[in-house]
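Structure at a glance
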Amino acid sequence: MADQASTAVGPYGIAPYKMKRGEEYMSERQLEHFASILNAWKKQLMQEVDKTVGHMKDDAAIFPDPLDRAVQEEEFSYELRTRDRERKLIHKIETALGSIESKEYGYCEECGAEIGIKRLEARPTANQCIDCKTFDEIREKQTTG
Ligand SMILES: [Zn+2]
């Protein structure tokens, strides 16, 4: 915790964006910044996926004991779920990268409002502003519960 303030590097090894005075929202520089975050994150995830696959290959079919096998199968299904989540996340990242290319990045899909640098810094794949996101979550809760 102590050195959190002194390290100016974000979770993807990229320092948070510093807005210049009078800089426009989603300027070329900002788009580049978020593109590098997304690319770094994607790379990280791809390495994770590779690790999972490698790990599963290494472990496959060495347990003759049915109990061990059950545990192993549980681990496998956990890893498969993790991998599935990673794949979905990679897909989201790719979608975000696509919207950077088409310069639609940073604006809410629902209402077109600016999502905001801070929110994007925390959630680079965000495609909704906080208001729409919150509204969606409330609606989801109402329909499922
Ligand atoms: Zn919105």
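**Digging into the environment of Tyr-107**
Tracing the backbone shows Tyr-107 in the loop between α2 (66-101) and α3 (117-122). The class for Tyr-107 is partly exposed, based on a relative accessible area of 31%. Note: C-alpha distance between Tyr-107 and Cys-129 (22 residues apart in sequence) is 7.3 Å.

**Describing the coordination of the zinc ion**
Binding of the zinc ion to the protein goes through Cys-108 (SG), Cys-111 (SG), Cys-129 (SG) and Cys-132 (SG), at separations of 2.3 Å. Considering all four donor atoms around the zinc ion, angles at the metal cover 104 to 113° and the coordination shape is tetrahedral. Written as a sequence motif, the donor arrangement for the zinc ion is C-x2-C-x17-C-x2-C. Here Cys-108, found in the loop between α2 and α3, pairs with Cys-132, found in helix α4 (residues 130-144); they are 24 residues apart in sequence, far enough to count as distant. The exposure classification of Cys-108 matches that of Cys-132, with both residues buried.

**Describing the confidence of the model for the protein chain**
Averaged over every residue, the pLDDT of the protein chain is 86; residues scoring 70 or more account for 85%. Ranking the elements of the protein chain by mean pLDDT puts helix α1 (residues 28-59) last with 87 and α3 first with 94. When the criterion is pLDDT under 50, residues 1-7 qualifies, and its contacts beyond four places in sequence or with other chains add up to zero contacts.

**Thoughts on the packing of aromatic side chains**
Per the stated rule, a full pass over the model turns up two aromatic pairs. Centroid distance Tyr-25 to Tyr-107: 5.3 Å. Interplanar angle 90°. Geometry classified as edge-to-face. Of the two residues, Tyr-25 is situated in the segment before α1 and Tyr-107 in the loop between α2 and α3; the sequence distance between them amounts to 82 residues. Exposure remark for Tyr-25: the relative accessible area of 11% places this residue in the buried category. On the basis of an interplanar angle of 45° and a centroid distance of 5.5 Å, the ring pair of Phe-34 and Tyr-105 is categorised as tilted. Remark: Tyr-105 occurs in the loop between α2 and α3 and Phe-34 occurs in helix α1; sequence separation between them is 71 residues. Each member of the pair, Phe-34 as well as Tyr-105, carries the same accessibility label: buried.

**Comments concerning unusual backbone geometry**
Phi at Met-26 is positive, roughly 60°, even though this residue is not glycine. Looking at the secondary structure, you find Met-26 in the segment before α1. The phi torsion at Lys-103 lies on the positive side, around 60°, for a residue other than glycine. Tracing the backbone shows Lys-103 in the loop between α2 and α3.

How each quantity is defined
- Residues numbered from 1 in each chain as written.
- Predicted model: local features only at pLDDT ≥ 70, side-chain atom pairs only at ≥ 80, totals over all residues.
- Heavy atoms only, no water.
- Helix = DSSP H or I, 4+ residues; strand = E, 2+ residues; numbered from the N terminus.
- Buried < 20%, exposed > 50% of the residue type's maximum accessible area, 1.4 Å probe, protein only.
- Donors = N, O, S within 2.8 Å, 3.2 Å for Na, K, Ca; no water.
- Tetrahedral: all angles 85-135°; square planar, octahedral: opposite > 155°, others 65-115°.
- pLDDT = per-residue confidence, 0-100.
- Contact = heavy atoms within 4.5 Å.
- Phe/Tyr/Trp six-rings, centres within 6.5 Å; stacked < 30°, edge-to-face > 60°.

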